[in-house]
Amino acid sequence: MTPGAEAPGPRRRGRPARTTATEGPDARTRILESARTEFAERGYDKTSVRGIAKAAGVDAALVHHYFGTKDEVFAAAIELSFEPALVVPAILGSDKDGLGERLARFFIAVWENPASRTPLLAVLRSALTNEAAANVLRGFVLSRLLGRIAEQLDVPDPTFRAELAASHMVGIAMLRYVLRAEPLASADPEKIIAMVAPTLQHYLTDNSSPSPSTDPDGPGHPSPSTDPEGPGHPSPSTDPEGPGHPSPSGD
């Protein structure tokens, strides 16, 4: 070291130094796009924060700075596809008329777009086989999407109804885009929307609440017989001599 020169200070942990390669207005965007690609190509288990950082051309510390853990990067990558802050108000609209159609149209449009479908396929597949991925997806869907929609529903059991609607749409995604079941896989998106929208509308806007059965054994169970001998047993005769016995003469 040259005499009189200052000794280098200790290296700091955490956020890397600001540079044009790792900082700037699009650094976060690059990380998210890389995360979507990595999760789509490698799945949840094989994707790492280091791999995401390398693909984005940034230091891994910057990924942690913006998003924290891999789970949080995963959740942010899902949000990038759905953008709930923008789409939830559009789905809810100014009134409840057409709510089911708006939800169906948005959902199908997201899956029909190749740019968003590829990472969503990876997300769905990862959630089926990895509990951590399932927890992230479940938390995102329940809090960021369904939670916001349920808050605005003027119906009994709004969260339950919103989850019913989501289960309907996730089932379509599984059959159409993951399993490729025909004829659903090749059906026109408009046909799917037209047939699904009324059901979603019913889930989300019908104010009636199903009445529980008054029969403790459930619907379809035969009502209990008032005959102490049980159903199908001949009613007891009022004749003290028993059925088929000649009535006593009145003479």
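For clarity, every value in this text was computed on a predicted model and none was experimentally measured.

### Some points on the overall build of the protein
Moving on, step 1. What the protein contains, in helices and strands, is ten helices and zero strands.
Moving on, step 2. Listing every helix and strand of the protein by position from the N terminus yields α-α-α-α-α-α-α-α-α-α.
Moving on, step 3. For the protein, the residues scored as buried account for 37% of the 251 residues in total.
Moving on, step 4. Sequence separation of 24 or more characterises 66% of the internal contacts of the protein that already satisfy a separation of 6 or more.
Moving on, step 5. Per element, the accessible surface of the protein, about 15700 Å² overall, is 55% carbon and sulfur.

### Thoughts on helix α5 (residues 84–92)
Moving on, step 1. Within the span of α5, buried status applies to Pro 84, Val 87, Val 88, Ile 91 and Leu 92. Along the axis of α5, the buried positions cluster into a sector of 130 degrees, meaning they face one direction only. Opposite the packed face of α5, turned more than 90 degrees from it, sit the exposed residues Ala 85, Leu 86 and Ala 90.
Moving on, step 2. Positive backbone phi, approximately 65 degrees, marks Gly 93, located one or two places after α5.

### Notes on the side chain of Gln 201
Moving on, step 1. Residue position: Gln 201 is located in helix α10 (residues 189–205).
Moving on, step 2. Within polar-contact distance, the side chain of Gln 201 engages the backbone nitrogen of Leu 99 at 3.1 Å.
Moving on, step 3. Setting aside residues up to four positions removed in sequence, Gln 201 forms contacts with Lys 96, Asp 97, Gly 98, Leu 99, Gly 100 and Asp 206.

About the criteria used
Residues numbered from 1 in each chain as written. Predicted model: local features only at pLDDT ≥ 70, side-chain atom pairs only at ≥ 80, totals over all residues. Heavy atoms only, no water. Helix = DSSP H or I, 4+ residues; strand = E, 2+ residues; numbered from the N terminus. Buried < 20%, exposed > 50% of the residue type's maximum accessible area, 1.4 Å probe, protein only. Contact = heavy atoms within 4.5 Å. Areas by Shrake-Rupley, 256 points an atom, 1.4 Å probe, with all protein chains shown as cover. Arc of directions from axis to C-beta. Polar contact = N/O pair within 3.5 Å; in protein donor to acceptor, adjacent residues only side chain to side chain.

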